[in-house]
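One letter stands for each residue in the lines below.
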Amino acid sequence: GNSVTQMEGPVTLSEEAFLTINCTYTATGYPSLFWYVQYPGEGLQLLLKATKADDKGSNKGFEATYRKETTSFHLEKGSVQVSDSAVYFCALSDRTGNTPLVFGKGTRLSVIA
Amino acid sequence: GAGVSQTPSNKVTEKGKYVELRCDPISGHTALYWYRQSLGQGPEFLIYFQGTGAADDSGLPNDRFFAVRPEGSVSTLKIQRTERGDSAVYLCASSLIGLGNEQFFGPGTRLTVL
């Protein structure tokens, strides 16, 4: 079945540091890939997505590129801020239509000033 | 407009009791999903509705769990004979129908079974 594996946290970075959170997936066919973020005390929010190979999703300075050859969708940001402290979830959905998301376990990021 | 809302935000119950969790999706969203998130884990799929019917209930862990969406809008997740292992945050999400459409999540209901 489909699955998502992401790097375990917690990750602690200083402000303005470079961020990478690794995510790899196993899926039949060609899934859509997502990064969701959960800020403290808030619900899950879509951060970015990519629906086909080599697509790059981007939002709020975060980027992730859909790499079919390595089955990866790593999240990156060049300069993190304290406000980026949150839990980040990588997820996939089957491209056949509206299907449930399969999530990774989440990576907690703490950014310190 | 309003987002997805869930009530109650917290529910504490005793082992063996029956609970109902409610989800109000975004108006016009035909697709509705229930997920369960245990501590330190990502959300896990429970059931998916397209309109009034359950299109996929393969994630329901056993027959103590049941969900309805009688008018294609509000949904209720029902758990009978609750067990301590049912303690988790129950998340609801809704979306438009179509490939790759974003699922919008509610704030969740934290269920604690004593």
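Because the structure is predicted, anything quoted here is derived from the model rather than measured. Note that residues are indexed from 1 along each chain, following the sequence as it is written. Think of it this way: whatever chain is written first is A, whatever ligand is written first is 1, and the rest follow in order. Selection of residues for local features in this predicted model requires a pLDDT of at least 70, selection of side-chain atom pairs for listing and counting requires 80 or more, and totals for whole chains, interfaces and linings are taken over all residues. Side-chain numbers here rest on the full set of heavy atoms in the structure, without hydrogens or water.

Visitor: Where do I start with the interface of chain B and chain A in this structure?
Guide: When the parts of a complex come together, some accessible area is lost, and that lost area is often used as the size of the interface. In what follows, a contact means two residues having at least one pair of non-hydrogen atoms within 4.5 Å. Across the boundary between the two partners, chain B contributes 23 residues, which contact 19 residues of chain A. Both sides together, the interface formed by chain B and chain A hides about 1,600 Å², and carbon and sulfur atoms give 55% of it. One side-chain nitrogen of Lys or Arg within 4 Å of one carboxyl oxygen of Asp or Glu is enough to make a salt bridge. For the pair chain B and chain A, the interface holds zero salt bridges. We define a polar contact as two N or O atoms separated by no more than 3.5 Å, with the added condition that, inside protein, one atom must be a possible hydrogen donor and the other a possible acceptor, whereas residues neighbouring each other in sequence contribute only through side-chain atom pairs. If you look at where chain B meets chain A, you find three residue pairs in polar contact (both at pLDDT 80 or more). When residues of the side of chain B that touches chain A are traced back to their parent elements, those giving at least two are strand S4 (31-37), strand S5 (44-50) and strand S9 (88-95) of chain B. Every helix listed is a DSSP run of H or I at least four residues long, and every strand listed is a run of E at least two residues long, numbered separately from the N terminus. Counting residues per element, the side of chain B that touches chain A draws most heavily on S4 of chain B, at four residues. Among the residues forming the side of chain B that touches chain A, the class breakdown is twelve nonpolar, nine polar and two charged. Computed with a 1.4 Å rolling probe, the buried area is the accessible surface lost when two parts are put together, summed over both parts. Residue classes follow a fixed rule: Ala, Val, Leu, Ile, Met, Phe, Trp, Tyr, Cys and Pro count as nonpolar, while Asp, Glu, Lys and Arg count as charged, and any other residue, Gly among them, counts as polar.

Visitor: Can you walk me through the sheet that holds strand S1 (residues 5-7) of chain B in this structure?
Guide: Within a sheet, adjacent strands bond to each other through the backbone by hydrogen bonds, running parallel or antiparallel. Residue and element names in this part refer to chain B. If you walk across this open sheet you meet the four strands as S1-S3-S8-S7, and the pairing is antiparallel. Two strands lie at the open edges of the sheet, namely S1 and strand S7 (65-68), each paired on one side alone. On average, each strand axis in the sheet is tilted by 15° relative to the strand beside it, whichever way the strands run. Here the rule is simple: two strands pair whenever DSSP picks up at least two bridges between them. Angular values range over 0 to 180 degrees, each being the angle between N-to-C directions of two axes fitted as lines to C-alpha atoms, with helices fitted over their stretch in contact.

Visitor: Sorry if this is basic, but what is going on with the packing of aromatic side chains here?
Guide: Working definition: an aromatic ring pair is given by the centre-to-centre distance plus the angle between the planes. All names here are of chain A. Two rings from Phe, Tyr or Trp (for Trp, the six-membered ring) form a pair when their centres are within 6.5 Å of each other. A pair whose planes differ by under 30 degrees is stacked, one over 60 is edge-to-face, and the rest are tilted. Considering all chains together, one arrives at twelve aromatic pairs over all chains under this definition. Ring geometry for Phe62 against Tyr88: centres 5.6 Å apart, planes inclined by 40°, an arrangement best described as tilted. Of this pair, Phe62 sits in strand S8 (residues 62-65) while Tyr88 sits in strand S10 (residues 86-93), placing them 26 residues apart in sequence. An identical accessibility class is assigned to Phe62 and Tyr88; each is buried. Type-normalised accessible area, obtained with a 1.4 Å probe on protein chains alone, sets the label of each residue: buried when under 20%, exposed when over 50%, and partly exposed for intermediate values.

Visitor: Help me understand unusual backbone geometry, please; the structure alone is not making it clear to me.
Guide: Glycine aside, the phi torsion of most residues is negative, and most peptide linkages are trans. Along the chain, Gly9 of chain A connects to Pro10 of chain A via a cis peptide bond; the corresponding omega equals -5°. By secondary structure assignment, the location of Pro10 of chain A is in the loop between strand S1 (3-6) and strand S2 (11-14). Its identity is not glycine, yet Asp54 of chain A carries a phi of approximately 75°, on the positive side. For Asp54 of chain A, the location among the structural elements is in the loop between strand S6 (44-50) and strand S7 (56-59). A positive phi angle is found at Arg81 of chain B, which is not glycine, with a value near 45°. Among the structural elements, Arg81 of chain B can be located in the loop between strand S8 (75-79) and S9.

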